[in-house]
Each structure stands twice: as structure tokens, then as C-alpha cells.
Amino acid sequence: MFEIIRKEEMAEGTIVQFDISAPKIAAKVLPGQFIILRLHEKGERIPLTVADADPINGIITLIIQVVGKTTAQMKALNEGEFIKDIVGPLGKQAHCEKKNGIVIIVAGGTGIAISHHVAKGMKKTGNYVIGIIGARTKDMLILEDEMRALCDELIITTDDGSYGEKGFVTMPLERILNDRDDVAEAYAIGPIVMMRNVLKVTNPKGVHTMVSLNPVMIDGTGMCGGCRITVGGEMKFACVDGPDFDGSKVDFDELLNRNSRYLKEEKDSLLFSVKKV
Ligand SMILES: Cc1cc2nc3c(=O)[nH]c(=O)nc-3n(C[C@H](O)[C@H](O)[C@H](O)COP(=O)(O)OP(=O)(O)OC[C@H]3O[C@@H](n4cnc5c(N)ncnc54)[C@H](O)[C@@H]3O)c2cc1C
Ligand code: FES
């Protein structure tokens, strides 16, 4: 059992941060890695990235976007309550070694939560980091202060122009790539369509681009095949081979297709759980 030490609602309650007591995971987890949790005995297993870790106090931070049944049930939990199981850390760590040039981290929506740990890792190894974080609107933007503290430069975009630059994260990215030739790597984390659009900007410039993928995962250990993706024409399992991959090699169409396969069941499951309450 894992105790919720702190809970904070962000983005009008659609995104929620949990600090959870998990000393063994906090001691081992590295940027880019994730956990799989089960809220209760009959709960489904869902993967969540560890957004931050405090090994001294044995705390991990998870940031969830409420999108369906399990994330809605998790939002209803409060400080002092417990999560039944948390397995991890899982997956490979992000490649945060010192690069031969600047690093641009491009993150959208809850992807900002995932990018936070990676930005921390990139800074720790001495990289110059430019962060570009985007949200639909000002109220949906998360972790601005935390990202500002980590990045050497931070650019904010909102789709509706309510804060920062109006438009998508790809606009400032394109501008930076046009202006400077010392970009070693881009790291894109967010909705699949956003990551694919980042590649459309970085590929023509020959900028190596890592993406953090989020296929449906069940066991998280390479056994079930649920997270199968195609990278460079080869079959990979995102849970053990990733979740980070060279974006230029990822078959995004297949990923989009596989991720939307259970939409009806997910909708029914949410409706059923609401009716039961
Ligand atoms: C490696 C990884 C890291 C992730 N990190 C985060 C994070 O830090 N914060 C966050 O909010 N979300 C994260 N996600 C997505 C998160 O797992 C889903 O939002 C969650 O499973 C939704 O469950 P639900 O029951 O609330 O919604 P559902 O209604 O069941 O599903 C809504 C959508 O969530 C996705 N999803 C559903 N079940 C799974 C599953 N078992 N595995 C993966 N995706 C699923 C699908 O795209 C689905 O369409 C991550 C996913 C992966 C693969
Ligand atoms: S989640 Fe089962 S193989 Fe990756």
C-alpha cells in the first residue's frame, strides 16, 4: 500500500499532482521511467511517468490528466488515502547525457509533467536547455515555475493566445531551428499528433529528435504485447525498449490506430463507473 502524502489540483481540476510515499521507487527511478499502478483490488493497471522523485524523503510525484475511469477514480483519492499497488520503476531511462550542443525540450499538455524529470536530468549533466511548453489555454498550463527554474530559456505557447505566444509549440521550435545551428537534440513529449508535427519541423533540419511514446500498456514487462509499436521497420515493445525512441523512425499512424482501438470500451467503462457512483 502506498500513501498519498500530498494532492494538488491544477488546470481547473483536470490535471492532478500526487506526492506518494514509495521509498524503493524514489531511490531508483531515473528520468523518463514510469510506474504501473492499480488503485484497488479490482482496478485496472495504468502506466504513469514519474514526474519527479525525492529519494531522501522516499516520495515520488505523479501528475495525471483525468481522461477516463481510472484517472477519475484516482482524482477522487485524498491525502492520507492509499494506492493498492505501484510497480516500478519501469522502462529505460531518458538519454540525458551531455550533448554536443543545445537541447530543446518540447512538451504539450500533461507531457509537461513527463518533460519535467527529463529537463532535470538534462540540466544535471550540464546541458543548455531550451524548454517550449504549450497548452490549449492559460488555465491548462502546468509546471511553468518548475520548468522556468530548470530551463536556461523557456518559451510558452497557448493555442488561443491567452498566455505566451499564440499557436502551437512547433512555431517557436521552427524559429529557433531557423536561427541557430547548434541544436544537438530535440525531445518531444505530448499528444501523438504533436510529436508527429515536431518531427515535421526537426526532420528537414536533420535534428535528432527523441519522442516519449504512450501506447496502451498492461503488464509493462514485455510479456503481453499490448504496447507493440514499429520503429525503423522493427517491432518494439514500448514498455521495455522505450518509452523513448528516435522519432524519425516511429510509425505514428500505427500508434494512433492502435491507441484508438478501445475507445468505445473506455467510454462505456467510464459511463458505467459514473452510474455506479
Ligand atoms: C509510458 C506511459 C506513461 C504515461 N504517463 C502518464 C502521465 O504521467 N500522466 C498521465 O496523465 N497519463 C500518462 N499516461 C497515459 C495514461 O496511462 C492514461 O491516460 C490512462 O491509462 C488512462 O486510463 P483511464 O482509465 O483514466 O482512461 P481510459 O478511458 O481507459 O483511456 C483513455 C485513454 O488513455 C489511454 N490508455 C487507456 N488505458 C491505457 C493503458 N493501460 N496504458 C496506456 N494508455 C492507456 C488510451 O489512449 C485511451 O484512449 C502514460 C502512458 C504511458 C504508456
Ligand atoms: S505492456 Fe505488455 S508488452 Fe509492453
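From a predicted model like this one, the values you see are computed outputs, not experimental measurements.

Reading guide: rules and limits
Residues numbered from 1 in each chain as written. Chains lettered and ligands numbered in written order. Predicted model: local features only at pLDDT ≥ 70, side-chain atom pairs only at ≥ 80, totals over all residues. Heavy atoms only, no water. Salt bridge = Lys/Arg side-chain N within 4 Å of Asp/Glu carboxyl O. 1 Å grid on protein atoms, 1.4 Å probe; cavity = no way out; pocket = protein on both sides within 12 Å on 5 of 7 lines; lining within 4 Å. Points joined across faces, edges and corners; volume = space filled by probe spheres on them. Helix = DSSP H or I, 4+ residues; strand = E, 2+ residues; numbered from the N terminus. Nonpolar A, V, L, I, M, F, W, Y, C, P; charged D, E, K, R; others polar. Domains from an automatic or database assignment. Pairing = 2+ DSSP bridges. Contact = heavy atoms within 4.5 Å. Axes fitted to C-alpha atoms, helices over the stretch in contact; angles between N-to-C directions. Near = heavy atom within 4 Å. Polar contact = N/O pair within 3.5 Å; in protein donor to acceptor, adjacent residues only side chain to side chain. Areas by Shrake-Rupley, 256 points an atom, 1.4 Å probe, with all protein chains shown as cover. Parallel < 35°, antiparallel > 145°, perpendicular 65-115°, else oblique. Core = buried A, V, L, I, M, F, W, Y, C linked by side-chain atoms within 4.5 Å. Buried < 20%, exposed > 50% of the residue type's maximum accessible area, 1.4 Å probe, protein only. Right-handed = clockwise from strand over helix to strand, strands pointing away.

1. Digging into the pattern of salt bridges
Summed over the entire model, instances satisfying the criterion amount to 17 salt bridges. Shared partners join several salt bridges into a network, and the residues in it are Arg-38, Glu-41, Lys-84 and Asp-85.

2. A look at the layout of surface pockets
Considering only enclosed or pocket space, the second largest pocket measures out at about 300 Å³ in volume. Along the walls of the second largest pocket sit 16 residues, with Val-29, Leu-30, Pro-31, His-117 and Lys-124 positioned nearest its centre. Among the elements that take part in the lining of the second largest pocket, helix H3 (residues 111–124) stands out by supplying four residues, more than any other. In terms of residue class, the lining of the second largest pocket is built from eight nonpolar, four polar and four charged. Split by domain, the residues of the lining of the second largest pocket number at least three in each of domain 1 (2–90) and domain 2 (99–209).

3. Observations regarding the sheet that holds strand E8 (residues 102–108)
One key point about sheets: their strands pair by backbone hydrogen bonds, in either a parallel or an antiparallel sense. Here we have seven strands laid out as an open sheet, ordered E11-E10-E9-E8-E12-E13-E16, and mixed in their pairing. In this open sheet, the two strands that pair with only one neighbour each are strand E11 (165–166) and strand E16 (244–246). Note that E8 and strand E12 (residues 183–189) share six bridges and pair parallel. By the bridge assignment for E12, Val-103 is matched with Glu-185. Most of the contacts of H3 go to E8, to which it runs at about 165°, and overall it touches E8, strand E9 (129–135), E12 and strand E13 (208–212).

4. Quick look at the side chain of Glu-144
Turning to its location among the elements, Glu-144 is positioned in helix H4 (residues 144–150). Look past the residues within four positions of Glu-144 in its chain and what remains in contact with it is Ile-133, Leu-154, Ile-156 and Tyr-163.

5. Structural notes on the sheet that holds strand E6 (residues 82–83)
Judged by pairing direction, the sheet is antiparallel, and its seven strands sit side by side in the order E6-E1-E2-E5-E4-E3-E7 without closing on themselves. The sheet is open, and its two borders are formed by E6 and strand E7 (85–90), each paired with just one other strand. Both strand E2 (residues 15–21) and strand E5 (residues 59–65) contribute to a ladder of seven bridges, which runs antiparallel. Among the inter-strand pairings, Gln-17 is bridged to a residue of E5, identified as Ile-63.

6. Notes on the site of ligand 1
Around ligand 1, the structure places 24 residues, and the nearest of them are Glu-44, Pro-47, Gln-65, Thr-71 and Met-217. Thr-49 places a main-chain nitrogen or oxygen 3.0 Å from a nitrogen atom of ligand 1. When the free accessible area of ligand 1 is taken as 860 Å², the share hidden by the protein chains comes to 87%. Those elements that provide at least two residues to the shell around ligand 1 are strand E4 (46–54), E5, helix H2 (69–75) and helix H9 (263–276). Among the elements that make up the shell around ligand 1, the one with the highest residue count is E4 (four residues). Counting only domains with at least three residues in the shell around ligand 1, you end up with domain 1 (2–90) and domain 3 (213–277).

7. With respect to the packing of helix H6 (residues 192–205) against helix H8 (residues 252–259)
H8 packs onto H6 with a crossing angle of 175° between their chain directions and a minimal axis gap of 10 Å. Classified by the interaxial angle, the pair formed by H6 and H8 is roughly antiparallel. Between H6 and H8, the residues in contact are Ile-192, Val-193, Met-195, Arg-196 and Leu-199 and Phe-252, Asp-253, Leu-255, Leu-256 and Asn-259, respectively.

8. Describing the nonpolar core
One broad trend across soluble globular proteins is that nonpolar side chains are buried collectively. One finds Ile-104, Val-106, Ile-132, Leu-173, Val-211, Leu-213 and Phe-252 to be the most contacted residues of the largest nonpolar core, which totals 35 residues. By residue number, the principal contributor to this core is H6, which donates six residues. With sequence-adjacent residues up to four places away left out, Val-106 is seen in contact with Ile-132, Val-169, Leu-173, Tyr-187, Ala-188, Ile-189, Met-194 and Val-198. One finds Val-103, Leu-141, Ile-156 and Met-210 within the second-largest nonpolar core, a separate group that totals 30 residues.

9. Here we look at the pairing of E13
Burial analysis of E13 places four of its five residues in the buried class, which makes it a mostly covered element. In this sheet, E13 lies alongside E12 in parallel orientation, the contact comprising four bridges. What sits directly across from Ala-186, in E13, is Thr-209. Following the chain from E12 across H6 to the adjacent parallel E13, one finds a crossover that is right-handed. Here E13 pairs with E16 via three bridges, running antiparallel. By the bridge assignment, Met-210 is partnered in E16 with Asp-246.

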